[in-house]
Amino acid sequence: MTREITHEATGPKIVDEDDIAEQGNVAICMCGLSGNYPFCDGSHQVTADEEDGTLYKYEGDDDENVRHEIAEMVFTDSE
Ligand code: FES
């Protein structure tokens, strides 16, 4: 399983004490799908049925995490 995630942010999220107080136990999102990035919000659950060897593209930053299977990822600057 591999996934392609589109993010529009161009800078970091500074995590401060207020974030930690608000979040309680902090889990950092590693799947790339959280709507509360960098914190895990449970969105990773939609990846549970991803299959090995399949490439997925998740569209949008909404709660639905619309997923598509894609055939390949092509880089325009590769030769
Ligand atoms: S690990 Fe990404 S939402 Fe939980």
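Computed from a predicted structure; not experimentally measured.

Rules used in this analysis
- Residues numbered from 1 in each chain as written.
- Predicted model: local features only at pLDDT ≥ 70, side-chain atom pairs only at ≥ 80, totals over all residues.
- Heavy atoms only, no water.
- Pairing = 2+ DSSP bridges.
- Helix = DSSP H or I, 4+ residues; strand = E, 2+ residues; numbered from the N terminus.
- Axes fitted to C-alpha atoms, helices over the stretch in contact; angles between N-to-C directions.
- Patch = residues over 30% accessible without salt bridge, like charges linked within 9 Å, V, L, I, M, F, W, Y side chains within 5 Å.
- Areas by Shrake-Rupley, 256 points an atom, 1.4 Å probe, with all protein chains shown as cover.
- Salt bridge = Lys/Arg side-chain N within 4 Å of Asp/Glu carboxyl O.
- Lys, Arg positive; Asp, Glu negative; His and termini not counted.
- Charge placed at Lys NZ, Arg CZ, Asp CG, Glu CD.
- Buried < 20%, exposed > 50% of the residue type's maximum accessible area, 1.4 Å probe, protein only.
- UniProt positions renumbered as here; feature names shortened; annotations may be inferred.

S.K.: Which parts of the structure should I look at to understand the sheet that holds strand β1 (residues 2-5)?
M.R.: Note: strands within a sheet are paired through backbone hydrogen bonds, in either parallel or antiparallel orientation. Overall, mixed pairing links the three strands, which are arranged β1-β2-β3 in an open sheet. Each edge of the open sheet carries a strand with a single partner, namely β1 and β3 (66-70). Each neighbouring strand pair of the sheet contributes to a mean axis angle of 30°, computed without reference to strand direction.

S.K.: Explain a negative patch on the surface here, please?
M.R.: The grouping of Asp16, Glu17, Asp18 and Glu22 at the surface amounts to a negative patch. Take glutamate 17: it is sitting in helix α1 (residues 17-23). Overall, the relative accessible area of 70% leaves glutamate 17 in the exposed class.

S.K.: Help me understand the UniProt feature "domain: Iron-binding zinc finger CDGSH type" (unreviewed entry) in the chain, please; the structure alone is not making it clear to me.
M.R.: In this structure's numbering, the residues bearing the UniProt feature "domain: Iron-binding zinc finger CDGSH type" (unreviewed entry) are residues 13-50. The straight-line gap between the two end C-alpha atoms of residues 13-50 is 28 Å; of that span, 18% is helix and 0% is strand.

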